[in-house]
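Fold and geometry: a report
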Amino acid sequence: MVKNSSVQVFLKNITREWKTSFNHTWWLGERVGEDNQKSTIKNALCTYMKLNPLQFVTSDCNQQRSFLCTHSLESPSNTKCTKHPSHTSRPRPKRDVNFVLKQNPLDMVQSPLNGTQLIGLNIDIILQLADKELNWNEVTPGQPTEVQRKNFISALMTAVKLLEATRTLINNNTVNHIINCSSAILSLSLKQCPDAKIPTPSSVFDDTFQVFKQLTLLQATQGPQTFVMKHPLGTIYQTIQKPAALGNAVLGSEKDGEFVKLPSNSVLGPLLASYSNIVTQMTTFFQNPHPSNDSITGTICSLSFNDGQDDIKVGNLTEMIEIFLPRPNAPEVTNTTVVLEKDSKSVTTVNVSDPNMTIFFSVEPSVNVSLVLLLSRGSLPNTTYYSNRTILNYTVGFRWMITPEMLKKSPGVWYIDVRLYSEWQPNLKLKISTFMSKCLFWDINTEAWRTEGCMVGEESTPYRTQCLCNHLTLFGSSFFVMPNFVDVSRTAELFATVNQNYVVLSLLCAFFGLYLITLLWACYADRRAHSKRKMTFLEDNHPGAQYNYLIGVQTGRRRNAGTSANVTVKLIGSEAESSIHTLTDPDKPVFERGSVDMFLLASPFPLGEVHTIRLQHDSSGGHPSWYINKVTIQDLQTRHLWHFFCDCWLSADRGDGMTKRTFGAAKTNEIASFRNIFQTRTSTGFRDEHIWVSIVDPPSRSPFTRAQRVSCCMCLLLCTMAINIAFWNITKDASSPVLFSLGSITITWQEFMVGVQSGLLMFPINILIITIFRSIRPRVVLKSKKDDPEENLRPPIVNIPTILRDTEAMISLVSMSPRNNMLEMHRLESSADLGPALERVNGLIQFMQGESESDYHWVYCSKFLLAGLCHLLMCLEKLDGRHFPNPDEYQQVLNFTNVLVRKAEMVFSSHLAYCPPPVKKKKKKTTTILGCWLPWWFVFVGWFLLLSISGISTFFTLLYGFQYGKEKSIKWVMSLGLSLFQSIFVLQPLKVIGVAVFFALLLKPVAVEESEEVAQVLLEQQEKCRQYCGRDSL
C-alpha cells in the first residue's frame, strides 16, 4: 500500500472523477495497491502510473504491458473475464515505470515461497519475502497458482503466530503490512482470469479470512473493547463483551446499513453463561467470495462468537438473529400504475424460478379503499380457486410478503389477483411494484449456499434485506420440521367444498358412528362390572372378631376357568389357625374367569405369619372346575402381605383330579423373579395399559371405566388423524442426514424429528387425560341405616338355644389359639351347661390378667371376649327366669355374666394401654401415577379436556382434508390405515412388553392392589359388632 499521505490524497481526488465500471489494479513501486471499481480507461486504452513524478499515463493497450481483467459484480455465474490475446503467449515485461528490484540478501530465497524457507526467520524477514513474492507474481505469467497461494497465505499465518508469541505491544505497521499482503494475494487471485483447467478455488478466500480473523483477535486482546478493521473486500466489526451484555445487542454499523441484532438474553444466556468474555466478530464483504449458481448480490455477512481461543457454535435458537444486508447495486424497482374500474380486477404475473425466493408485492391505491389479494399457480385465481388470500388496507399496509411456504416451494408462473374489498370509488388508481429476495448461508460441509434456518424478514426493502436466522453463519440446520400449511381464515370457503371432497368427512362420520355404538355397549358393561366390584365381608365372620385379613383371589384366564362351586379357605399361621370360611357373596357372582375377588376375613386374634392356606370346593353347580391363579393375603393391622402362587386346577376331572389343595407362601426371591413380574406386568399391561385392548377386558377393580377408555381411544384416534394429515407428504429434505440404515430401510433426521414432534403434540395431553381417569378416587356412597329397614326393624330371636350356640361359638374360637391354653368346649345342650362354660371363660380371663407382657394377641382376644360377654349379657337381660329351670339359676348366670363383663373390660383396657404398637410396613403414599388420589369431581376435568382435544383435532382434520382435495385425501386415508395398524398391533404391544421387561430386570416387586372400599367394609364390620354387643364402642 502507498503510505505517503500526499499520494493517497492525489489518488482519491483522481478516483472521484472516474466514471467507468472497470476494475483496475494499481501497481505502486514494489507493492500491490487497492482495487477500484471505476477508471477513466476505455476498452482501447490502458492506464498505468509513474512515480517520479507521480502521474498517470494513458497509452494503447496493444503495447506489451500487463493484461487487463474485468469482472461483473452482479452475479458470479455471469462473471466475464477478458484477456488480450497478444498478452497470453509471452512473458509480461515490467510496466513503464521507474521500477527496479534492489538486490539484497533476500534475493537468495527463490520464488515461489516454500514453508521450509521460513524456518528461523523473524517476522520482518517473512514480510519482506512476501513483498518479493507479490512482485514475482506480477511479472510472471499465470501466477499465482493454487500451490503458491496456499504457501503465501501459510507464510502470512506464520507471521501472525509470531506476533502472538511475542507477548509485547503489537506494532500497527506490522499488522497493516500483513493485511495489505493478504488483500493483495486475494485481489490477484480473484482478478486473475481463471483457467478452465485450474479454476480459482474458493478456499483462498477462507484462508485469507482466517488471517484477518486472527489479526483482529490479536488486536482485541491488546486494545479496546470495540475494534473495526476495514479491508479491501469489506469490514470486520469486533467487540468483547460479557455474555449478559449480548442480549438484544446491535453489532456492526447502523449508519452504513450493515448490522446485526442479537436475540434477547433469555435465549443467549443459557448458551453463553459458562464463558467469561465473548468475542463477537461481524464481517461484511462487498462481493460473493463463493461463486455459485445462486444469484447472490449485495453485501455478504459473516457472524461468529469466540471465547478468545475457539469458536462457539450457536444454533437452533428460539428467537431469530436479525441480519440487515444492504444492496447498493440493486436495480431500480419498476412501478406500474393501473386504473381499477368498477367491477374489475388487476392480475400480476410473477415467474418464480427459485422456489426459495420471497416475493414482496406492493399495491398502493390512490384513495382509501380495502383490497383483497388472491394468489394461485398455473391458472388465474378466482373466489373459489386460490392457494392464499389476504386483505390489505391503510391499517395493515399495502404490502404482501409471499413466503416460499405460501408458494409451496413450487417454481412456475404465479398469479396475483387484486380486486376491491370495499366500495368502489371513482378515479381509483393502483401503483404496483414487485421485488424478490432470499437469505442463504454458506455451509462449509457441503460447500454450497443453503437456506435452512434462515428466512427473509418483513423489514426488507429493495435496497436492504432483513434476514432472520436461528444460527450463526455456517453452523446449524433446521431442527423442527414444519407441518403442511393450512390457512385457517379460509375455513368457511374450504368447508363449502364438502360436496366435492367428502372422503375425510365420511371417514370421520364412520369413526364417530362406531364410537357411539361402542360407547353404549361400554356403559352397559360398566354398569354390570360396577355391581361385581364390591368387596365382600364374609357372612361367616364372627361379629365380635376384629382382627382383619384382606384376601384377594385371582381366577385364571383359561377357558372355563371360573367355578360355580362353593369355595372354602383356611388360613394357617405361625401362632394359630383360622376357622374354615366360605368365600361367597349373596349380591354378586364370584370366581368368574379372569376376575379378582376381594374378601374381608375376621379373626378373634392374630394368626402370626400366614405361611399356608387351604382351598377346597364342593364340586357343586354346573361347572365346578376352577383354575386358581393366585391368592394374596394382607394383614390390615400390620400391612404385611403374603403371595400364594397357585396356577393349577381344583377339579375332579381336570389336572390331577383334586378339589382340595394346600399352598405355601411364596418366598421373596419367587415374588421378585423375572418370570413372575414379567407375567404379571404383561397380563395387567395388556388389560390396562394397552388402551385399545383394555376396552374389551379391563381390570375388574380399576376406576378407569370402559366408557372412559372408549372415549380416550376416540380422542387418541382423532389426534393421530390430525397430526398425521398435518405432516403427511411433506417435502423431503434431501440434505437431511441418515440416522439409521438397514438394507432398503433408512431413517433420516427429518423423519425422526417428525416422529418426535408428533409424539410431543399427541401423547402429553392424551396421557394427562388417561392419568386423570386412572387417578380419580372412586365415589363411595356409604350405606345408610335406612337402606334396609326390614333388617333394622326385625329384632334378633333370643332363646336358650341361641344363647348356648353363641356361647359355644365364642369359646370354640378362642380355644383355637394355643397361646390361650384352653381346651375345646364340648357341645352345650341345656341351660345347666351355661354355668360351667362361663367358668371356663372366667379362667381364661384370669389367665390373660396374669400375663405381664401385653401384645396384640391379648388385646384382640380380650376384646373378642368382651364383645361376646356383652352380647350374652344383652341376651340374658331380654329373657326372664321362666326360660330357666328355676329363677335362682337365671339370676346366678346373669350376675356371673355381669362380673365377667367387668373383668373383661379391665383386662382389655390393661392390655390395650401397655401393648406396644404393631410393626407396620410403611404405607405407600403414592397409590397412583400422579402420586395421590384425585377427588371424584375431577372426572369432569378429564371429560372437558377429552372433548376439547377431540373437537380441535376433528376441525383441523377436516380443514386439511378439504384443502388437499379428493385425490390426495384418498391417498392419505390409505396411509392412515397403515399408521393405525402400526400403533395398535406394533407400538402398543411393544410398549407393554418393554415396560414389563424393564420392571422385571429391575426386580421390582409387584405392587399390591389397594382399594378404597376397605374403609367401607370396615364400617360395615363395626356396625355389625355394635348390633351384636349392644354397645357403640368397646
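Residues numbered from 1 in each chain as written. Predicted model: local features only at pLDDT ≥ 70, side-chain atom pairs only at ≥ 80, totals over all residues. Heavy atoms only, no water.

1. Digging into the overall build of the chain
Helix and strand counts for the chain stand at 21 helices and 35 strands. For the chain, the residues scored as buried account for 47% of the 1034 residues in total. In the chain, 73% of the contacts between residues at least 6 apart in sequence involve partners at least 24 apart. Carbon together with sulfur atoms contributes 56% to the accessible area of the chain, which is approximately 53,100 Å² in total. (Helix = DSSP H or I, 4+ residues; strand = E, 2+ residues; numbered from the N terminus. Buried < 20%, exposed > 50% of the residue type's maximum accessible area, 1.4 Å probe, protein only. Contact = heavy atoms within 4.5 Å. Areas by Shrake-Rupley, 256 points an atom, 1.4 Å probe, with all protein chains shown as cover.)

2. Looking at the pattern of salt bridges
Two side chains of opposite charge can pair, provided their charged atoms sit close to one another. Throughout the structure, instances matching the rule amount to 10 salt bridges. Here R819 ties to D855 by a salt bridge, and the two come within 2.8 Å at their closest N and O atoms. Taken as a pair, R819 in the loop between α15 (800–814) and α16 (834–850) and D855 in the loop between α16 and α17 (856–878) lie far apart in primary sequence, 36 residues in all. Here R819 falls in the partly exposed class, since its relative accessible area comes to 28%. What makes D855 partly exposed here is its relative accessible area of 22%. In this structure, E1020 and K1024 form a salt bridge, with 4.0 Å as the shortest nitrogen-oxygen distance. One end of the pair is E1020 and the other is K1024, both in helix α21 (residues 1013–1029) and 4 residues apart, which spans about a single turn. Judged by relative accessible area, which is 36%, E1020 ranks as partly exposed. Overall, K1024 belongs to the partly exposed group, its relative accessible area being 32%. (Salt bridge = Lys/Arg side-chain N within 4 Å of Asp/Glu carboxyl O.)

3. Some words on the pairing of strand β30 (residues 610–617)
With 7 bridges joining them, strand β27 (residues 567–573) and β30 adopt antiparallel strand pairing. By the bridge assignment, V567 is partnered in β30 with H617. By the bridge criterion, 5 bridges tie β30 to strand β33 (residues 660–664) in an arrangement that is antiparallel. When the sheet's bridge partners are listed, I613 is paired in β33 with F663. (Pairing = 2+ DSSP bridges.)

4. With respect to the state of the cysteines
The tally for this structure, following the rule as stated, stands at 2 disulfides. Between the sulfur atoms of C439 and its disulfide mate C467 the distance is 1.9 Å. Disulfide C439 to C467: torsion about the S-S bond roughly -90°, handedness left-handed. Here C439 is found in the loop between β20 (429–437) and β21 (441–443), whereas its partner C467 is found in strand β24 (residues 464–469), with 28 residues between them in sequence. The exposure class of C439 is buried, given its relative accessible area of 4%. Relative accessible area serves as the criterion here: at 5%, C467 is assigned to the buried category. The side chain of C454 participates in a disulfide bridge whose partner is C469; the two sulfur atoms lie 2.2 Å from each other. (Disulfide = S-S within 2.5 Å.)

5. Description of α16
Taking 1.5 Å of rise per residue, 17 residues should cover 24 Å, and α16 covers 25 Å from first to last C-alpha, within 8% of that figure. Among the residues of α16, L834, A837, L838, V841, N842, L844, I845 and M848 are the ones counted as buried. All buried residues of α16 lie within an arc of 160° about the axis, which places them on one face of the element. The inward-facing, buried residues of α16 abut α15, α17 and α18 (887–914). (Expected span 1.5 Å × (residues − 1). Arc of directions from axis to C-beta.)

6. Notes on the sheet that holds strand β16 (residues 371–377)
The strands that make up a sheet pair up through hydrogen bonds in the backbone, lying either parallel or antiparallel. What the 4 strands build is an open sheet, ordered β14-β19-β16-β17; its pairing is antiparallel. Looking along the sheet, the strands with just one partner apiece sit at the ends: β14 (345–352) and β17 (388–392). For this sheet, the mean angle separating the axes of adjacent strands, direction not counted, is 20°. Where β16 meets β17, 5 bridges bridge the pair, whose relative direction is antiparallel. The residue bridging L375 from the neighbouring strand is N388, located in β17. (Axes fitted to C-alpha atoms, helices over the stretch in contact; angles between N-to-C directions.)

7. Notes on helix α12 (residues 706–726)
Helix length check: α12, at 21 residues, gives a terminal C-alpha distance of 30 Å against a target of 30 Å (1.5 Å per residue), a fit within 8%. Within α12, 21 of the 21 residues are buried, leaving the element largely enclosed by the surrounding structure.

8. Looking at the pairing of strand β31 (residues 626–635)
The element β31 is extensively covered by neighbouring structure, given that 8 of its 10 residues are classed as buried. Inspection of the sheet shows strand β26 (residues 547–555) paired to β31 by 7 bridges, in the antiparallel sense. By the bridge assignment for β31, L550 is matched with Q634. For β31 and strand β32 (residues 641–650), the ladder comprises 8 bridges, and the chain directions are antiparallel. By the bridge assignment for β32, I633 is matched with W642. Counting the residues between successive antiparallel strands, the hairpin from β31 to β32 contains 5 residues, one of them, R639, with a positive phi of roughly 65°.

9. Description of the sheet that holds strand β28 (residues 581–583)
With antiparallel pairing, the 4 strands of this open sheet are ordered in space as β28-β27-β30-β33. Single-partner strands in this sheet number two, and they are β28 and β33. Each strand axis lies, on average, 30° off the axis of its neighbour in the sheet, ignoring direction. Bridge count between β27 and β28: 3 bridges; the pairing is antiparallel.

10. Observations regarding unusual backbone geometry
Backbone geometry places S619, a non-glycine residue, at a positive phi of 60°. Looking at the element boundaries, S619 is found in the loop between β30 and β31. A positive phi angle, close to 50°, is found at D647, a residue other than glycine. Relative to the elements of secondary structure, D647 occurs in strand β32.

11. As for the packing of α16 against α17
Running from amino to carboxyl end, α16 crosses α17 at an angle of 150°, the nearest separation of the two axes being 11 Å. Looking at the two axes, α16 sits roughly antiparallel to α17. Taken as a pair, α16 and α17 cross one another with a handedness that is left-handed. Residues L838, V841, L844, I845, F847 and M848 of α16 form the contact with α17, whose participating residues are W858, C861, S862, L865, L869 and L872. Its residues placed into classes, the contact of α16 with α17 shows 11 nonpolar, 1 polar and no charged. (Parallel < 35°, antiparallel > 145°, perpendicular 65-115°, else oblique. Left-handed = near helix turned anticlockwise from the far one by under 90°. Nonpolar A, V, L, I, M, F, W, Y, C, P; charged D, E, K, R; others polar.)

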